[in-house]
Amino acid sequence: MADVNLTHAANRLNPSGTEPTPGAPEPIWDVIELLFFAYRDFVSDPDGVLAKFGFGRAHHRVLHFVNRNPGMKVADLLDVLRITKQSLGRVLKQLVDEGYVVQKEGENDRRQRLLYVTPKGETLAMKLAGLQTLRITRALSSLGPGADEAARQFLTAMINPEQRDGLLRFIARADRARRSRG
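Fair warning: this is a prediction, and the values are worked out from it, not measured in the lab. (Residues numbered from 1 in each chain as written. Predicted model: local features only at pLDDT ≥ 70, side-chain atom pairs only at ≥ 80, totals over all residues. Heavy atoms only, no water.)

J.: How should I be thinking about the confidence of the model for the chain in this particular structure?
T.: The predicted coordinates of low-pLDDT regions are not to be read in fine detail. In this model, the chain carries a mean pLDDT of 89, and residues with pLDDT of at least 70 account for 89%. The low-confidence segment residues 1-11, where pLDDT is below 50, has nine contacts with residues more than four positions distant or belonging to other chains. (pLDDT = per-residue confidence, 0-100. Contact = heavy atoms within 4.5 Å.)

Structure, rendered in structure tokens:
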């Protein structure tokens, strides 16, 4: 395995945050590039399926989060995805028009738009998640016992600290809801 220098990235930048500090350690190029390549391949399996429907990665993300969080507010989805209303609007319209997602008014606040996958949307979301699960399972099984927990810890640590707890609660809530439905 490669030696990884864990010097904090912030220590490598000058105070303006734009250029390396003279004498700072070299960036950890191999890990950076491995993350790029791992992401490329992680999304490539679903990309092939999505292309057959005329969908892209934005469609995948919407389907994923709406499937995991039935009744999700559009405002919450915007917050999770960090995209503009305009970008989401285009993708959501296509998913609604083609019967993958439905929007309903909130029970207590009719201005709220709550999102649900249709059976067709759930089937597609689960197919895409299955492809990604297969890739993850193969990778983790080659690393031995405890690899899944190490991967969770690493990925959690990659999330901005100020958002980490909220996102972990978001994931746990979706896990609990899925178990109670299934």
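J.: I would appreciate a short explanation of the pattern of salt bridges in the present structure.
T.: Side-chain pairs of opposite charge can arise whenever the charged atoms involved come near each other. One pass over the structure, following the stated rule, counts eight salt bridges. With its nearest N and O atoms 2.8 Å apart, the salt bridge here joins Asp41 to Arg40. According to the relative accessible area criterion, Arg40 is partly exposed, its value standing at 45%. Two residues, Asp148 and Arg152, come together in a salt bridge whose shortest N-O distance is 3.4 Å. Here the residue Asp148 and the residue Arg152 both occupy positions in helix 6 (residues 147-158), the gap between them amounting to four residues, near one helical turn. Judged by its relative accessible area of 47%, Arg152 falls in the partly exposed class. Through salt bridges with shared partners, a single ionic network connects Asp148, Glu149 and Arg152. (Salt bridge = Lys/Arg side-chain N within 4 Å of Asp/Glu carboxyl O. Buried < 20%, exposed > 50% of the residue type's maximum accessible area, 1.4 Å probe, protein only. Helix = DSSP H or I, 4+ residues; strand = E, 2+ residues; numbered from the N terminus.)

J.: Explain a nonpolar patch on the surface to me, please; I cannot follow it from the model alone.
T.: Side chains of Trp29, Ile32, Phe36 and Phe37 sit close together on the surface and give an oily, nonpolar patch of about 440 Å² of accessible area. Mapped onto the fold, Phe36 is located in helix 1 (residues 29-53). (Patch = residues over 30% accessible without salt bridge, like charges linked within 9 Å, V, L, I, M, F, W, Y side chains within 5 Å. Areas by Shrake-Rupley, 256 points an atom, 1.4 Å probe, with all protein chains shown as cover.)

J.: What am I meant to see in helix 3 (residues 74-81) here?
T.: Each α-helix turn comprises 3.6 residues. Residues three or four places apart therefore point the same way. Along helix 3, the residues classified as buried are Val74, Leu77, Leu78 and Leu81. The buried side chains of helix 3 occupy one side of the element, clustering within an arc of 100° when seen end-on. Exposed residues pointing more than 90 degrees away from the buried face of helix 3 are listed as Ala75 and Asp79. Tucked inside the fold, the buried residues of helix 3 contact helix 2 (57-68), strand 1 (72-73), helix 4 (85-97), strand 2 (101-105) and strand 3 (113-117). Two residues or fewer after helix 3 comes Arg82, characterised by a positive phi angle close to 55°. (Arc of directions from axis to C-beta.)

J.: Whenever I open this one, the side chain of His59 confuses me. Can you help?
T.: Following the sequence through the fold, His59 ends up in helix 2. Those residues within four positions of His59 in sequence are excluded, and the remaining contacts are Gly54, Arg90, Val91, Gln94 and Leu95.

J.: Looking at this structure, how should I read the nonpolar core?
T.: If you look at the biggest cluster of nonpolar residues, it comprises 23 residues, and the most contacted ones within it are Val62, Leu63, Leu77, Leu88, Leu95 and Val101. Of all the secondary-structure elements, those providing two or more residues to this core are helix 1, helix 2, helix 3, helix 4, strand 3 and helix 5 (119-141). Ignoring anything within four residues of it in the chain, the contact list for Leu88 reads Val62, Val74, Leu77, Leu78, Leu81 and Ile83. (Core = buried A, V, L, I, M, F, W, Y, C linked by side-chain atoms within 4.5 Å.)

J.: What should I look at first to understand the packing of helix 2 against helix 5 in this one?
T.: When two helices pack together, their arrangement is captured by the angle between the axes and the distance separating the axes. Two elements in contact, helix 2 and helix 5, have axes separated by 9 Å at closest approach and are oriented at 105°. Accordingly, the angle class assigned to the pair helix 2 and helix 5 is roughly perpendicular. Contact residues: His60, Leu63 and Asn67 in helix 2; Gly121, Glu122, Leu124, Ala125, Met126, Leu128 and Gln132 in helix 5. (Axes fitted to C-alpha atoms, helices over the stretch in contact; angles between N-to-C directions. Parallel < 35°, antiparallel > 145°, perpendicular 65-115°, else oblique.)

J.: Looking at this structure, how should I read the packing of helix 1 against helix 5?
T.: It is the contact of helix 1 with helix 5, at a shortest axis distance of 8 Å, that shows an interaxial angle of 155°. Put simply, helix 1 runs roughly antiparallel to helix 5. The handedness of the crossing between helix 1 and helix 5 is right-handed. Where helix 1 abuts helix 5, its residues Asp41, Phe42, Val43, Ser44, Asp45, Pro46, Val49, Leu50 and Phe53 lie against Leu124, Lys127, Leu128, Leu131, Gln132, Arg135 and Ile136. (Left-handed = near helix turned anticlockwise from the far one by under 90°.)

J.: Help me out: how do you make sense of the environment of Gly56 in this one?
T.: Tracing the sequence through the fold places Gly56 in the loop between helix 1 and helix 2. Taking relative accessible area as the criterion, Gly56 reaches 27% and is therefore assigned partly exposed.

J.: Honestly, the sheet that holds strand 2 in this entry has me stumped. Any pointers?
T.: Within a sheet, each strand pairs with its neighbour through backbone hydrogen bonds, oriented either parallel or antiparallel. Strand order across the open sheet formed by three strands is 1-3-2, with antiparallel pairing between neighbours. A single partner strand is all that each edge strand has here, and the edge strands are strand 1 and strand 2. Relative to strand 3, strand 2 runs antiparallel, the two sharing five bridges. Following the sheet pairing, Gln103 is matched in strand 3 by Leu115. (Pairing = 2+ DSSP bridges.)

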